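# What the coordinates show
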Amino acid sequence: MTITVVLAGCGNMGYAMLAGWLKSGQLKPSETFVVEPNADLRARAEKLGAAASPDASGLPAGATPKLVVLAVKPQVIREVTAAYKHLGNGETTFVSVAAGTPIATFETILGSKTPIIRVMPNTPAAIGKGMMVVYANGNVSALTKRIVDELLSASGAVATIDDEGLMDAVTAVSGSGPAYIFHFIECLTAAAEHAGLPKETAKLLAMQTVFGAASLAAESEEEPGVLRQQVTSPNGTTAAALAVLMGEDRLKNLLTEAVEAARLRSVELGK
């Protein structure tokens, strides 16, 4: 068996990534190996055709994968990483999707010469619409960076940063961002109900409006501000609503405050 990728952790994010790799044809099931202690989660990985084991000792003897993807919670990342210490300072590149865990932590466990990539994904990756932001240490080759970017692209858009310190801001914007949008949908739905619309209709209007507007912004060559202006007639209904949202920069200030709170919490978690 020639293993290209070992996936440590097959929870929601790990499974979404695995399914994306196999569905896109970027990896064959025979090239993947999943390490997952939970039997139910392990079983769904096996249904995709991947070999799986409850712990790292199940890896075939002498296996030297190109990548070990660490898709586990920050609370257990150190313990899980230690199980692969024998692959450190070698040809294997480690890819972490654990929030708030700096590359220095992995270098301490695996060795300073280990190629390590840190990724901040978000939950829309589960449907191939995610945002993945990547930072790599100096041991990662250009070829490996390209391979990882291609694998991650199966789950959505990929961006690279050159300063790891920006990962806290990334976490606060795109990592936590889906929750902000979900709450906006909740609030817009509630406002629609307050205006007299039936519950299900209110929910449909709110969700489809957010989906359609985001899709238009993504596909249009115009800046979001220009698109906003195109919807806004002078002294019209949209202008009346925007006077509330934009007056004294209310929404801008609120989001800035929220993102900063998330960023500071990310900094705390990384200590």
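So, here's what we can say about the structure. Residue numbering note: each chain is counted from 1, following its sequence as written. Given that the model is predicted, a residue must reach a pLDDT of at least 70 before its local features are reported, and side-chain atom pairs must reach 80 or more before they are shown or counted; all residues, however, enter totals for whole chains, interfaces and linings. Heavy atoms throughout the structure, all of them, feed into the side-chain values; hydrogens and water do not.

## Observations regarding the overall build of the protein chain
Where helices and strands are cited, they refer to DSSP runs of H or I of at least four residues and of E of at least two residues respectively, numbered from the N terminus. Within the protein chain, the regular secondary structure consists of eleven helices and eight strands. With respect to the principal axes defined by its C-alpha atoms, the protein chain has extents near 70 × 35 × 35 Å. Burial classes follow relative accessibility: with a 1.4 Å probe on protein chains only, a residue under 20% of its type's maximum area counts as buried, one over 50% as exposed, and anything between as partly exposed. Residues classed as buried in the protein chain amount to 37% of the 271 residues present. Residue contacts are counted whenever heavy atoms from the two residues lie within 4.5 Å of one another. Nonlocal contacts in the protein chain, meaning residues at least 24 apart in sequence, comprise 62% of its contacts between residues at least 6 apart. Within the structure as shown, the protein chain displays about 15,300 Å² of accessible surface, and the carbon and sulfur contribution to it stands at 58%. Counted as positive: Lys and Arg. Counted as negative: Asp and Glu. His and the chain ends are not counted at all. Here the site of a charge means atom NZ of a Lys, CZ of an Arg, CG of an Asp or CD of a Glu. The average position of the 22 basic charges and that of the 26 acidic charges among the side chains of the protein chain differ by 4 Å. The protein chains shown are the only cover counted for residues, whose accessible areas, like all others here, come from Shrake-Rupley with a 1.4 Å probe.

## Considering the pairing of strand E8 (residues 156-160)
Bridge count between strand E7 (residues 130-136) and E8: five bridges; the pairing is parallel. Across the sheet, Val 134 pairs through a bridge with Thr 160, a residue of E8. By convention, orient the strands away from the viewer: a clockwise path from the first strand over the helix to the second makes the crossover right-handed. Between the parallel elements E7 and E8, the chain passes through helix H5 (residues 142-152) in a crossover that is right-handed. By the convention used here, strands pair only if DSSP detects at least 2 bridges between them.

## Some words on empty space enclosed by the protein
A water-sized probe rolled over the atoms picks out the places where empty space is left. Residues are called lining when one of their atoms sits within 4 Å of a cavity or pocket point, these points coming from a 1 Å grid over the protein atoms alone, where a cavity is a set in which a 1.4 Å probe fits but cannot get out and a pocket is an open set with protein on both sides within 12 Å along at least five of seven lines. Grid points are joined across faces, edges and corners, and a volume is the space filled by probe spheres set on the points. Following the criterion strictly, the structure yields one cavity of 30 Å³ or more and no others. Looking at the largest cavity, its volume works out to about 40 Å³. If you trace the largest cavity, you find it lined by Met 17, Trp 21, Leu 67, Val 69, Val 95, Val 148, Leu 151 and Leu 152. For the lining of the largest cavity, the elements supplying multiple residues, two or more each, are helix H1 (12-24), strand E4 (67-70) and H5. By the convention adopted, Pro, Cys, Tyr, Trp, Phe, Met, Ile, Leu, Val and Ala count as nonpolar, Lys, Arg, Asp and Glu as charged, and the other residues, Gly among them, as polar. The residue inventory of the lining of the largest cavity, partitioned by class, reads eight nonpolar, no polar and no charged.

## Considerations on the sheet that holds strand E3 (residues 51-53)
Strand order across the open sheet formed by eight strands is E3-E2-E1-E4-E5-E6-E7-E8, with mixed pairing between neighbours. The sheet is open, and its two borders are formed by E3 and E8, each paired with just one other strand. Between one strand axis and the next, the sheet turns by 20° as a mean value, whatever way the strands run. In this structure, E4 lies alongside strand E5 (residues 93-96), joined through four bridges in parallel fashion. Bridge pairing in E5 places Leu 70 opposite Ser 96. Together, strand E1 (5-8), strand E2 (32-35) and E4 form the strand contacts of H1, whose direction differs from that of E1 by roughly 155°. Angles here are taken between N-to-C directions and fall from 0 to 180 degrees, while the axes themselves are lines fitted to C-alpha atoms, restricted in helices to the stretch in contact.

## Comments concerning helix H7 (residues 177-194)
Compared with an ideal rise of 1.5 Å per residue, which puts 18 residues at 26 Å, H7 spans 26 Å between its outermost C-alpha atoms and is within 8% of the ideal. Considered for burial, the residues of H7 that qualify are Gly 177, Pro 178, Ile 185, Thr 189 and Ala 192. What you see down the axis of H7 is that its buried residues fit within an arc of 125°, all on one side. Counted as exposed and oriented over 90 degrees from the buried face of H7: Glu 186 and His 194. On its buried side, H7 packs onto helix H6 (167-175) and helix H8 (199-219). The first or second residue beyond H7 is Gly 196, which carries a positive phi of 110°. Expected helix span is given by 1.5 Å per residue-to-residue step, counting one fewer step than there are residues. Comment: arc refers to directions from the helix axis out to C-beta atoms.

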